[in-house]
Amino acid sequence: MEANRKLRKRGTPASSGIGIGRAYLVDRRRLKIPKRHISEDQIEDEMVRLHAALESSDRQLDRIKQKLQKRTEGDHHNIIAAYQLILHDEHLVDEAMRLIREDRINAEWALHQTVEHIQGVFDAIEDDYFRERRSDVGFVGERVLRNLLGRELGPVKPPPDAIVVAHDLSPADTAQLHRAAVAGLVTDVGGKTSHTAIIARAHEIPAVIGLEDISTVVETGDLIIVDGSMGEVFINPEARTVAEYRELAHKEAAFGAALLSNRDLPADTADGTPIELLANVDHTDEIQGALNHGAMGVGLFRTEFLFMAGGEDDIPDEDEQYEVFRSVLEMLDGKTATIRTFDLGADKMTQFIGARHHEVNPALGLRSIRLCLTEGVRPLFKSQIRALLRASVHGPVRIMFPMISGVDELRLARAVLDEATEELRADSVPYDPHIKIGIMVEVPSAAMVADLLAPEVDFFSIGTNDLIQYALAVDRVNEHVSYLYQPLHPCMLRLIRNVVEAARAHDISVSICGEMAGDPVVVPVLLALGLRELSMNAVAIPEVKNIIRSCRQGDLEALIDGVTSLGTVSEVRAAVRDYFLSANIEAAKLL
């Protein structure tokens, strides 16, 4: 069979390195609901299956409800109680049973038909509140369906050294892969700045994405080579090809080890301008690796993964988050940690927060700080801020709010911070009263009004991944338009310069924590724009440091004077290439 299925496919290189292993398929697509007619003697079995799935769903929801009662303020657990009422409602249960019995159809299809009918009834109601309840019925129906099909969503658990193959992976899925010691991953969809790609790079997992149909042509157990540098994937390759790539993997490992030799060298330009190199991390177990790569602190700690690492009924409470933040600061031993409040929404949804919100365009919808400020999620937001404040006595920490679009939104977020500080003060709980507060500048409106936002904060951190997406109207996870996602677009250079100038004018610090910071081709441009603090995946730090140590400030000033007047990406790239060649910097080959 394998001899007839030798394939070589090309996609988007997302994370460099060579991975060789056996395929492990992950299915994260929508449920396919089986439809079949049953015989009379199968009716009872189908009804028993449906009852069992309803009972399993009830137990799962009950566990979630109990967690919420313990961990959150207010009566949010009543939402789960309402779902349980739907589970037992005669219009759902009795009707599905009737369809099994009278139409002689399987339990899955009977349930699907019943849910669609109930949702249609809600659609016809003029009252907005009742019309919106259709999504609650859909949520409950999907849970029961997953139990019927044995497809309850859980963590991805591939064997060690596997190549994970999927149509797509959630950030929570990808975040688990380094713990499983996988050899690589490949997906049908995604772009170089999708969260799957970012996390793969952070954990040095070779990855190729945007392969369109890889999940349909690969079978579990196929031997796969992933070349994350060139964007190539080999399925069931010849033995000599495997040998060639094993040798290439050894050479790349040796090159990486050589780069790490600069870990203790200062990240200063050749003429003495100091640059601070920080790490973007998702979990505490990444911090020691970041320090080993030469990080001078943490420029972005993504707290949303605390909410995504466990199951849907395992939301961390204030004390649990406090312990995580304290351990981060203790591990950094005096180095600063910039901790971002949770940025959930879009492709980073937990079941608890996100299952009830189906959005046509989630990137522009209820996500990040907008979600945090909603009535239902605000208590979780304040709980996290309290945990951060309590941890601030253990080391230097900065709190950063994501996706701020303007002054009004910032002040609403700061109002929650003020509530949290007042509560801790009233209870005599110690915290650093001088803790620094900042924002991610990742929405074009924030970049345009940076001069108005600067007086309200202590620092800016430019999140270029979303800023590029929103400024250029390019979906960063859509492989069909990924060619339009251009960090060196003249628009981006102007937006970044505007933010840097506003920060300087108001004497606050400014950093960059998007993928641009770790791109060796872009680094001289960022330095020329005036950035002196770059935060990136830790594995990028040694190469970026090498670039910085080859740059001279006078040459950089000439570079930026030239590129900011150019009108196209190709012209900017050509100017940067000329700079690299004149400075004799090896990265010119990347352009």
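Basis of the calculations
- Residues numbered from 1 in each chain as written.
- Predicted model: local features only at pLDDT ≥ 70, side-chain atom pairs only at ≥ 80, totals over all residues.
- Heavy atoms only, no water.
- Helix = DSSP H or I, 4+ residues; strand = E, 2+ residues; numbered from the N terminus.
- Contact = heavy atoms within 4.5 Å.
- Buried < 20%, exposed > 50% of the residue type's maximum accessible area, 1.4 Å probe, protein only.
- Core = buried A, V, L, I, M, F, W, Y, C linked by side-chain atoms within 4.5 Å.
- Phe/Tyr/Trp six-rings, centres within 6.5 Å; stacked < 30°, edge-to-face > 60°.
- Lys NZ or Arg CZ within 6 Å of the ring centre and 35° of its normal.
- Expected span 1.5 Å × (residues − 1).
- Salt bridge = Lys/Arg side-chain N within 4 Å of Asp/Glu carboxyl O.
- Axes fitted to C-alpha atoms, helices over the stretch in contact; angles between N-to-C directions.
- Parallel < 35°, antiparallel > 145°, perpendicular 65-115°, else oblique.
- Left-handed = near helix turned anticlockwise from the far one by under 90°.
- Nonpolar A, V, L, I, M, F, W, Y, C, P; charged D, E, K, R; others polar.
- Polar contact = N/O pair within 3.5 Å; in protein donor to acceptor, adjacent residues only side chain to side chain.
- 1 Å grid on protein atoms, 1.4 Å probe; cavity = no way out; pocket = protein on both sides within 12 Å on 5 of 7 lines; lining within 4 Å.
- Points joined across faces, edges and corners; volume = space filled by probe spheres on them.

Caption draft 1: Representation of the overall build of the protein chain. Helices and strands together make up the secondary structure of the protein chain, namely 25 helices and 16 strands. For the protein chain, long-range pairs separated by at least 24 residues make up 69% of all intrachain contacts whose partners lie at least 6 apart in sequence.

Caption draft 2: Layout of the environment of Gly150. Note that Gly150 resides in the loop between helix 6 (134–149) and strand 4 (163–166). Accessibility expressed as a relative area gives 65% for Gly150, which makes it exposed. For the pair formed by Gly150 and Ala53, sequence separation is 97 residues and the distance between their alpha carbons is 9.3 Å.

Caption draft 3: Region of the structure containing unusual backbone geometry. Although it is not a glycine, Asp161 sits at a positive phi angle of roughly 65 degrees. For Glu204, which is not glycine, the phi torsion reads 55 degrees and is therefore positive.

Caption draft 4: Up close: the nonpolar core. In terms of nonpolar packing, the biggest core is built from 107 residues, with Phe401, Phe460, Ile496 and Leu534 touching the most fellow members. The dominant element in this core, judged by the number of residues it contributes, is helix 21 (residues 490–505), at eight residues. For Phe460, the contacting residues outside a window of four places in its chain are Ile439, Val441, Ala450, Leu453, Ala454, Val499, Ala503, Ile508, Ser509, Val510 and Ser511. Judged by nonpolar contacts, the second largest core, of 32 residues, contains Ile38, Ala53, Ala107 and Phe139.

Caption draft 5: Expanded view of the packing of aromatic side chains. A full pass over the atoms with the stated rule returns five aromatic pairs. With a centroid separation of 5.9 Å and 55 degrees between ring planes, the pair formed by Tyr579 and Phe580 is classed as tilted. You'll find Tyr579 and Phe580 in the same group, each marked buried. Over the aromatic face of Tyr322 sits the side chain of Arg390, whose NZ or CZ is 4.4 Å from the ring centroid. In this structure, Arg398 is placed above the aromatic ring of Phe459, and the distance from its NZ or CZ to the ring centre is 3.9 Å.

Caption draft 6: Region of the structure containing helix 21. Helix length check: helix 21 (16 residues) gives 23 Å between terminal C-alpha atoms against 22 Å at 1.5 Å per residue, within 8%. Note on helix 21: the residue one or two positions beyond its end, Asp507, has a positive phi of about 55 degrees.

Caption draft 7: Representation of the pattern of salt bridges within the structure. For the structure shown, the criterion picks out 28 salt bridges. Lys382 is paired through a salt bridge with Glu419; the nearest N and O atoms lie 3.4 Å apart. Taken together, the residues span a long stretch of sequence, with Lys382 in helix 16 (residues 378–391) and Glu419 in helix 17 (residues 407–426) at a distance of 37 residues. Judged by relative accessible area, which is 8%, Lys382 ranks as buried. By sharing partners, the salt bridges in this structure join Glu318, Asp319, Arg378, Lys382, Arg386, Arg390, Glu419 and Glu423 into a single network.

Caption draft 8: Spotlight on the packing of helix 16 against helix 17. Between helix 16 and helix 17, whose axes approach to 9 Å, the crossing angle comes to 55 degrees. By the angle between their axes, helix 16 is oblique relative to helix 17. In terms of crossing hand, the pair formed by helix 16 and helix 17 is right-handed. Listed contacts from helix 17 to Arg378, Phe381, Lys382, Ile385, Arg386, Leu389 and Arg390 of helix 16 are Ala413, Val416, Leu417, Glu419, Ala420, Thr421, Glu423 and Leu424. Residues of the contact of helix 16 with helix 17, tallied by class, amount to eight nonpolar, one polar and six charged.

Caption draft 9: Just helix 20 (residues 464–472), in detail. The element helix 20 is extensively covered by neighbouring structure, given that eight of its nine residues are classed as buried. Taken together, the buried positions of helix 20 are occupied by Thr464, Asn465, Asp466, Leu467, Ile468, Gln469, Tyr470 and Leu472. Following helix 20 by one or two positions, Ala473 has its phi on the positive side, about 55 degrees.

Caption draft 10: Summary view of the side chain of Arg302. Of note, Arg302 is situated in strand 10 (residues 298–302). Looking at Arg302, its side chain comes within polar contact range of the side chain of Asp282, at 2.7 Å. Dropping the residues within four chain positions of it, Arg302 is found in contact with Ile198, Asn280, Val281, Asp282 and Arg340.

Caption draft 11: Structural context of empty space enclosed by the protein. Inspection of the entire model under this criterion finds three cavities of 30 Å³ or more. Along its surface, the largest cavity is lined by 17 residues, and Arg340, Met440, Glu442, Asn465 and Arg476 are the ones closest to its centre. Elements represented by at least two residues in the lining of the largest cavity include exactly helix 8 (195–202), strand 10 and helix 20. Here the residues of the lining of the largest cavity sort into four nonpolar, five polar and eight charged.

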